[in-house]
Every structure is written in C-alpha cells, then in structure tokens.
Amino acid sequence: MAETTVKGFFEGLSDKLNAKPEKIAGMNCVYQFRVADAAWNVKLTDGKVAVAEGEAPSPHCTITIAEADFLDLVSGKLKVAGDMGLALKLGSFIG
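Predicted, not measured: the structure shown is a model, and the values here were computed from it. (Residues numbered from 1 in each chain as written. Predicted model: local features only at pLDDT ≥ 70, side-chain atom pairs only at ≥ 80, totals over all residues. Heavy atoms only, no water.)

Novice: Looking at this model, I keep getting lost on unusual backbone geometry. Mind explaining?
Specialist: Keep in mind that most residues, glycine aside, have a negative phi and that most peptide bonds are trans. The residue A36 is not glycine, and still its phi comes out positive at about 55°. The topology assignment puts A36 in the loop between β1 (29–35) and β2 (38–45). (Helix = DSSP H or I, 4+ residues; strand = E, 2+ residues; numbered from the N terminus.)

Novice: Would you mind showing me how to read the side chain of N41 here?
Specialist: Residue position: N41 is located in strand β2. For N41, a relative accessible area of 10% corresponds to the buried category. Those residues in contact with N41 that sit more than four places away from it in its chain are V30, Y31, Q32, A50, V51, A52, E53, G54, E55 and A56. (Buried < 20%, exposed > 50% of the residue type's maximum accessible area, 1.4 Å probe, protein only. Contact = heavy atoms within 4.5 Å.)

Novice: Just checking my understanding: could you explain the pairing of β1 for this structure?
Specialist: One face of the sheet, then the other: side chains in a regular strand alternate in exactly this way. Here β1 lies mainly inside the structure; 5 of its 7 residues are buried. Note: β1 against β2, 7 bridges, orientation antiparallel. Looking at the pairing, V30 lines up with K43 of β2. Counted between consecutive antiparallel strands, the loop separating β1 from β2 contains 2 residues, among which A36 sits at a positive phi close to 55°. Pairing analysis gives 5 bridges linking β1 to strand β4 (residues 61–65), with the strands arranged parallel. Across the sheet, Q32 pairs through a bridge with T62, a residue of β4. (Pairing = 2+ DSSP bridges.)

Here it is as structure tokens:
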C-alpha cells in the first residue's frame, strides 16, 4: 500500500481527493506539511487539489510532525471525538 510511507501518501492524495471533489468543495487554501526532513504542500482551489513536494510560498496552515506520528495520523490511529475547536487548541498549552 502506497500510504505506508509519507511520500506514498502525498503522491496518492491528489487522485484520491480529485475523485471526490465534494470533500474539498468550498476550500481555497494551502496547507504546508513538514514531516521529518521532508516538505509537501497541498493547494485546494475550487474543488481541485494540487500536491507538490517542497515549501509553498505563503501557506495558510503549516503542520510540523514526526514521520511516525504522521503515519499514525493518516492510518487512522489518532482519533478525536467531541469539540474539534478544543482539540485544535490543545497544542497551544501542552506543547
């Protein structure tokens, strides 16, 4: 399975999301992912996604994460229930 690596995940993400544009409808933003020593950016525009290796010039959101944690995240091992706003604020006081 390609998603068992960070590179495999990002290389398959464009096809996966472009096949289901309703998942990203109305989103116009750029995510920057820094996973270990690698960088990937994901641009969502008008129901389309573009994924590129490297740094984006002006991302709206940057996520820095260890490789093992990222792979756990995308494989569904991290679960959050309840108030997502509170989950997002968690990093501000435990990190």
